[in-house]
Every structure is written in structure tokens, then in C-alpha cells.
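Coordinates in review
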Amino acid sequence: MKHNPFRSAAFLTSAAEPRRLPADTGTEIAFAGRSNAGKSSALNAICNQSGLARTSKTPGRTQLLNVFVLDGGRRLIDLPGYGYAKVPEAMREQWRRAIDTYLRERESLRGVVLIVDVRHPLKEFDRQMLAYCRDIGLACHVLLTKADKLARGEAARTLALVRNEIAAAGFDASVQLFSAQAKTGLDEARGALAALLSQS
Ligand code: GDP
């Protein structure tokens, strides 16, 4: 088995707003996605720790920026899942602003890992996130997760379609198939994330 640098991930803190995050030094990447896309499961699988990111859907637990530390001054930031139904509109607006501020101003941020359910590729939120990252010059890596839910050929077709759309829109994003359940695409994901984190 290959060495997994994400195995050392440990929960550090939850920040209610970007200015409460730890010092803006070293490098970090942020995980984003629509609620239920499989973000917590992807984080847990990549870090090979089943209880790392809470899969709980309690609003009080999902409204925060959750910070996980790796070694070497590197961090993973779990952004709130977008579209959680029970969150009031005013709070959603507050999140949106907090995430905008975070993405624009965080010096140590090297890229965004966008989690997309392979059965529902590129919804409005995903396109907005990709366009936003393109506009501010931030790299993205898209995990088309739950790939185990599709037949191999269908998953491959979806991957090709999403790659085409991303190229056509001029997004700076790489895309791969992934499954937290079947544990496929893990080495590719870890390699892409490690590459983002090691950018100076
Ligand atoms: P989050 O809201 O984005 O954090 O999503 P979760 O990680 O909590 O996953 C949402 C649901 O999708 C849960 O029921 C998971 O068990 C399921 N799920 C997540 N990843 C996979 C996967 O790779 N394959 C399958 N079949 N189900 C998954």
C-alpha cells in the first residue's frame, strides 16, 4: 500500500467565520459540495479515518468551517454543504458571504476540491463554484463520487462529458471518478490533493 500523507489528518477546530480560522500560513485546500453529494465520506476515505468528518446533518454542525491539520503546516478545510434544506435563508446568505470572503482572501488556500455526485453532474452550485474559482484564479479538483452507483461505461461517459464542459467553460479544473464506498480513485485523489497542497 502506498504511503498516505492524509492519514495524519486530525480535527483542529470549527470556525464560525473566516477570521476565526488558524493563522493564514502554510497551505490548505477546501472541500466544497452540495449537501449529500458525499463530501464527508470522501474526506474520511481520503484520510482513511472513518470518523473524521461527521456525516451528521445537524445544522449546528454543518454551518462551520471545519479545520483538519496534516503535517508540514498543511490543512484541509471542510466548507458547509450547500443547499441544506433546513437552514434558514438568512443563514444561507451569511454562509455564502463567509465562503466568498474565505475563497477570495485566504492566502494559504491552494485549491478547492469540489465533490459532485456522479449521477447529478454539474448542478448550478457546482458551475458557480467553478466559475468563481476561475475568476479568482484558484485551481479546482472535481471528484465525481459515488461512481459505484453507475455501470463502468456510464461512469466513463459522465467523466468525459464533465471534462468537456469544464474545458469549454475555461475552468482550471481536473476531474476524476471516485467512490468512497468502493474505495476507487483514492490514489488519484490523494495525488491531486497533495499536488495542490505543495504549490508554493
Ligand atoms: P455530505 O453531505 O456531502 O457530507 O455527504 P455524505 O458523505 O454524508 O454522504 C451522503 C450519502 O451518500 C450517505 O448516505 C453516504 O453513505 C452516501 N455515499 C457517500 N459516498 C458514497 C459512495 O462513494 N458510494 C455510495 N454508494 N454512497 C455514498
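Quick notes on the rules
Residues numbered from 1 in each chain as written. Predicted model: local features only at pLDDT ≥ 70, side-chain atom pairs only at ≥ 80, totals over all residues. Heavy atoms only, no water. Pairing = 2+ DSSP bridges. Helix = DSSP H or I, 4+ residues; strand = E, 2+ residues; numbered from the N terminus. Axes fitted to C-alpha atoms, helices over the stretch in contact; angles between N-to-C directions. Buried < 20%, exposed > 50% of the residue type's maximum accessible area, 1.4 Å probe, protein only. Lys, Arg positive; Asp, Glu negative; His and termini not counted. Salt bridge = Lys/Arg side-chain N within 4 Å of Asp/Glu carboxyl O. Polar contact = N/O pair within 3.5 Å; in protein donor to acceptor, adjacent residues only side chain to side chain. Contact = heavy atoms within 4.5 Å. Near = heavy atom within 4 Å. Areas by Shrake-Rupley, 256 points an atom, 1.4 Å probe, with all protein chains shown as cover. Nonpolar A, V, L, I, M, F, W, Y, C, P; charged D, E, K, R; others polar. Phe/Tyr/Trp six-rings, centres within 6.5 Å; stacked < 30°, edge-to-face > 60°. Left-handed = near helix turned anticlockwise from the far one by under 90°.

Backbone-to-backbone hydrogen bonds join strands into a sheet, with any given pair of strands oriented parallel or antiparallel. Taken in spatial order, the seven strands make up an open sheet running S1-S3-S4-S2-S5-S6-S7, and their pairing is mixed. In the strand order of this sheet, the two ends are held by strand S1 (10–15) and strand S7 (173–177), each with one partner. Looking at each pair of strands side by side, their axes are set apart by 20 degrees on average, direction ignored. Here strand S6 (residues 139–145) pairs with S7 via five bridges, running parallel. Note that in S7 the partner of Val142 across the bridge is Val175.

Topologically, Asp126 is positioned in helix H4 (residues 124–136). There is no salt bridge for the buried Asp126, and the closest opposite charge comes from Arg34, which lies 4.7 Å off by N-O distance. A distance of 2.9 Å separates a polar atom in the side chain of Asp126 from the backbone nitrogen of Lys123. In contact with Asp126, not counting residues within four places along its chain, are Arg34, Leu114, Ile115 and Val116.

On to the site of the ligand. Taken together, 17 residues sit near the ligand, with Asn36, Lys39, Ser40, Ser41 and Asp148 positioned nearest. Within the backbone of Gly38, one N or O atom sits 2.9 Å away from an oxygen atom of the ligand. At 3.2 Å from an oxygen atom of the ligand is found a main-chain nitrogen or oxygen belonging to Gln181. Compared with its free state, where it exposes 570 Å², the ligand has 77% of that area covered by protein. The biggest single contributor to the shell around the ligand is helix H1 (residues 39–47), with three residues. By residue class, the composition of the shell around the ligand is two nonpolar, nine polar and six charged.

All told, the structure shown has 16 salt bridges when counted by the stated rule. For the salt bridge of Arg106 with Asp24, the shortest nitrogen-to-oxygen distance reads 3.5 Å. Pair noted here: Arg106 is in the loop between helix H3 (89–105) and strand S5 (109–117) and Asp24 is in the loop between S1 and strand S2 (27–33), with a separation of 82 residues, a long-range link. Here Lys39 makes a salt bridge to Asp78, at a shortest N to O gap of 2.5 Å. Taken together, the positions of Lys39 in helix H1 and Asp78 in strand S4 (residues 74–78) put the pair 39 residues apart, joining distant regions of the chain.

All told, the structure shown has two aromatic pairs when counted by the stated rule. Taking the centre distance of 5.7 Å and the plane angle of 65 degrees together, the rings of Phe11 and Phe68 count as edge-to-face. In this pair, Phe11 is assigned in strand S1 and Phe68 in strand S3 (residues 65–69), connecting sequence segments 57 residues apart. A residue is classified by how much of its surface remains accessible, and Phe11, at 43% relative accessible area, is partly exposed. Judged by relative accessible area, Phe68 falls into the buried class, the value being 2%.

Okay, the pairing of S3 next. With four of five residues buried, S3 lies mostly within the body of the structure. Here S1 runs beside S3; their pairing, made up of five bridges, is antiparallel. Along S3, the bridge assignment pairs Thr13 with Val67. Pairing between S3 and S4: four bridges, direction antiparallel. Bridge pairing links Phe68 to Leu76 in S4.

Packing of H3 against H4 brings their axes to within 10 Å, and their N-to-C directions diverge by 35 degrees. In this structure, the crossing between H3 and H4 has a hand that is right-handed. Across the interface between the two elements, Asp100, Leu103 and Arg104 from H3 touch Met129, Tyr132 and Ile136 from H4.

Remember that the coordinates give geometry; whether it matters functionally is a separate question.
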